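An overview of the molecular structure
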Amino acid sequence: MTSRSGAPSDRGLQGMAVPRGRSMDATGASRRIPPEMPRYGEVNHVFEMMQNMLEQLLIHRPEEPIPFMIDHLQQNNDNVPKIVVLGPPAAGKTTIAMWLCKHLNSNLLTKENLIAREFSSLAAGAGGHYQKTKPVPSALLVKLIQERLREQDCVKRGWILDGIPETREQAVTIQTLGVIPRHVEIYHTTFDWPPESDIQNRLMVPTGISELETAQKLLEYHRNIVRILPLYPKILKVISADQPCVDVFYQALTYVQTNHRSNAPFTPRVLLCGPVGSGKSLQAALLAQKYSLVNVCCGQLLKEAVADKSSYGEGIQPFFEKEMAVPDNVVISTLCQRLNQLDCIQKGWVLHGFPRDLDQARMLNRTDHRPNRVFFLNVPLESIIERVTLRRTDPVTGERYHLMYKPPPTMEIQARLLQNPKDSEEQVRLQLDLFYRHCAELGHFYEQAIMLNGDQDPYSVFEYVESGIINPLPRKVP
């Protein structure tokens with residue numbers, strides 16, 4: 001898929017052809033990759049694993065690449081926190097960094113605790129500078145960071161740099177050494193005045209925060225920060241923190257738990273769940289139109305099988321004639337036959353109308369067609385009743401109308417409009433009751449499903465669906 005921002009194409013591996021090995025038969029046809037292979041790559045993040053390993057090889061350039069790669073894989077630390085928190089003096093960035101560190105079980109690195117480290121000759125040298133002139137030379141500070149990051153706790157649990165880098169020179173040197181953060185946050189917050197009067201009375205003004213000293217620090221900060229930010233164009237998050245400190249923290253936490261968009265090949269297999277009238281069909285049509293996904297409506301698929309008089313249709317027709325539910329095994333066979341076709345394999349698909357309960361979800365999961373994005377469209381009962389019961393059809397032209405959102409243009413047309421018996425309020429309530437009876441189980445089964453408010457403009461809903469497909473699923477941190 002291609003996002004509006006021009007991100008790399010997410011078209012998948014399934015449609016790629018692998019040439020046969022050299023043989024006597026030069027006219028041999030290409031061999032299509034089985035669908036389970038790219039699914040394995042997506043689930044286990046093979047592309048990102050190889051990309052990270054290649055980056056580390058190029059950064060460190062070891063004399064023995066194979067042992068280096070084995071050691072890198074054994075560390076299994078590609079997803080540990082690597083965060084930089086920046087902000088002006090007295091912005092509260094250390095508080096946020098400490099909270100992040102505790103929540104993520106990571107290591108907080110500040111200039112002060114780097115200098116205070118025991119059994120480090122570099123720290124002892126930096127301490128001498130710090131006591132005399134305060135500023136620590138950039139080269140020495142970067143060496144301290146490099147030394148600290150080599151220790152096992154940082155390797156295993158990641159790190160959070162608080163207020164570092166201070167200058168562009170430090171930022172460039174750190175990057176050159178291969179210390180690449182995944183998330184950079186910059187913000188300004190207000191001081192949380194304590195509510196208790198006895199605490200207010202014993203507050204003391206720390207040294208170094210007079211108006212003149214603060215103005216000088218702010219001037220130096222703003223002079224440096226404008227040259228640092230361009231170094232982090234795709235991983236920078238600016239948080240406006242003129243709000244309670246807890247709200248700032250949760251915005252910061254949400255950002256660092258978000259995975260950045262991957263360049264890995266990706267074929268969308270989208271499942272839309274929701275009650276009747278929630279807008280599944282419209283969202284599926286919008287996705288199919290913009291991204292050339294195959295729109296697979298399960299109910300329509302069964303009707304087409306009957307109309308085509310296929311072998312599957314012959315098994316379905318008796319149930320249609322008796323107005324009975326088609327057995328799950330017949331539905332899943334018909335569905336898999338469609339999803340196995342080349343257009344679904346190459347382009348991806350968006351499925352709606354199935355599964356409707358936990359048993360059907362498990363049946364789908366046992367096939368080679370597991371969805372990699374699942375959305376639940378939540379709409380209040382009143383809105384669904386309004387959306388569905390006011391739908392009408394013109395029996396002469398076949399045109400569909402809605403008495404509120406798309407009323408007929410003339411009284412003559414309105415007089416001949418008909419309502420589908422399935423759109424009556426009684427039938428709608430029965431369908432809603434059936435959906436919500438199984439909704440919770442489906443939600444638990446699809447743990448990474450994205451819940452959306454479907455009671456808004458359909459194009460706003462589409463933007464959320466689109467974002468959920470293009471961007472990686474959030475990583476859940478306990």
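In the block above lies the structure referred to throughout.
Predicted, not measured: the structure shown is a model, and the values here were computed from it.

About the criteria used
Counting starts from 1 at the beginning of each chain's written sequence and moves along it residue by residue. Local features in a predicted model are, by the rule used here, given only for residues with pLDDT of at least 70; side-chain atom pairs are given and counted only at 80 or more, and totals for whole chains, interfaces and linings are based on all residues. The basis for the side-chain values is all heavy atoms of the structure; hydrogens and waters are excluded. What counts as a helix is a DSSP run of H or I of at least four residues, what counts as a strand is a run of E of at least two, and both are numbered from the N terminus. Note on areas: these come from Shrake-Rupley sampling with a 1.4 Å probe, and a residue is covered only by the protein chains present in the view. Working convention: axes come from line fits to C-alpha atoms, limited for helices to the stretch in contact. Angles between N-to-C directions cover 0 to 180 degrees. Note on angle classes: values under 35 degrees are labelled roughly parallel, values over 145 roughly antiparallel, values of 65 to 115 roughly perpendicular, and the remainder oblique. Each crossing gets its handedness from the near helix: less than a right angle anticlockwise from the far helix is left-handed, clockwise is right-handed. Contacts are assigned to residue pairs that have any heavy atoms within 4.5 Å of one another. Each residue's exposure class comes from its accessible area (1.4 Å probe, protein chains only) as a fraction of the maximum for that residue type: buried when under 20%, exposed when over 50%, partly exposed otherwise. A pair of cysteine sulfur atoms is labelled a disulfide when the two atoms are within 2.5 Å. Pairing of aromatic rings covers Phe, Tyr and Trp, the last through its six-membered ring, and needs centres within 6.5 Å; plane angles under 30 degrees mean stacked, over 60 mean edge-to-face, and all others mean tilted. Any Lys NZ or Arg CZ that is within 6 Å of a ring centre and within 35 degrees of that ring's normal is treated as a charge sitting over the ring.

Secondary structure assignment for the protein yields 22 helices and 14 strands. As displayed, the protein offers around 27900 Å² of accessible surface, 55% of which is attributable to carbon and sulfur atoms.

A few words on the packing of helix α13 (residues 280-291) against helix α22 (residues 458-470). Where α13 contacts α22, the two axes come as close as 10 Å, and the packing angle between them is 60°. The angle between α13 and α22 falls in the class oblique. Every pair of crossing elements has a handedness; the one defined by α13 and α22 is right-handed. Across the interface between the two elements, L282, Q283, L286, L287, K290 and Y291 from α13 touch P458, Y459, V461, F462, V465, E466, I469 and I470 from α22.

Generally, phi is negative for residues other than glycine and the peptide bonds are trans, each holding for most cases. Across the junction of I164 and P165, the peptide omega takes the value 10°, indicating a cis bond. Following F354, the chain continues to P355 via a peptide bond in cis, the omega torsion being 0°. Topologically, P355 is positioned in the loop between β10 (349-352) and α18 (358-365). The backbone of S292 shows a phi angle near 60°, a positive value even though the residue is not glycine. Of note, S292 is situated in the loop between α13 and β9 (294-297). On the basis of relative accessibility, which here comes to 34%, the residue S292 falls in the partly exposed class. Non-glycine residue E323 carries a positive phi angle of around 55°. Position of E323 among the secondary structure elements: in the loop between α15 (311-321) and α16 (328-339).

This next bit is on the state of the cysteines. Under the defined criterion, the tally for this structure stands at zero disulfides. The thiol of C298 is unpaired, and the distance to the nearest cysteine sulfur, on C297, comes to 7.3 Å.

Tallied over the full model, the rule gives four aromatic pairs. Look at F445 and Y446: their rings are 5.0 Å apart centre to centre, the planes differ by 85°, and that puts the pair in the edge-to-face class. The exposure class of F445 is partly exposed, given its relative accessible area of 27%. With relative accessibility at 8%, the residue Y446 sits in the buried group. Members of the aromatic cluster, connected to one another through ring pairs, are W99, F249 and Y250. Sitting over the ring of Y401, K406 keeps its end group 5.6 Å from the ring centre.

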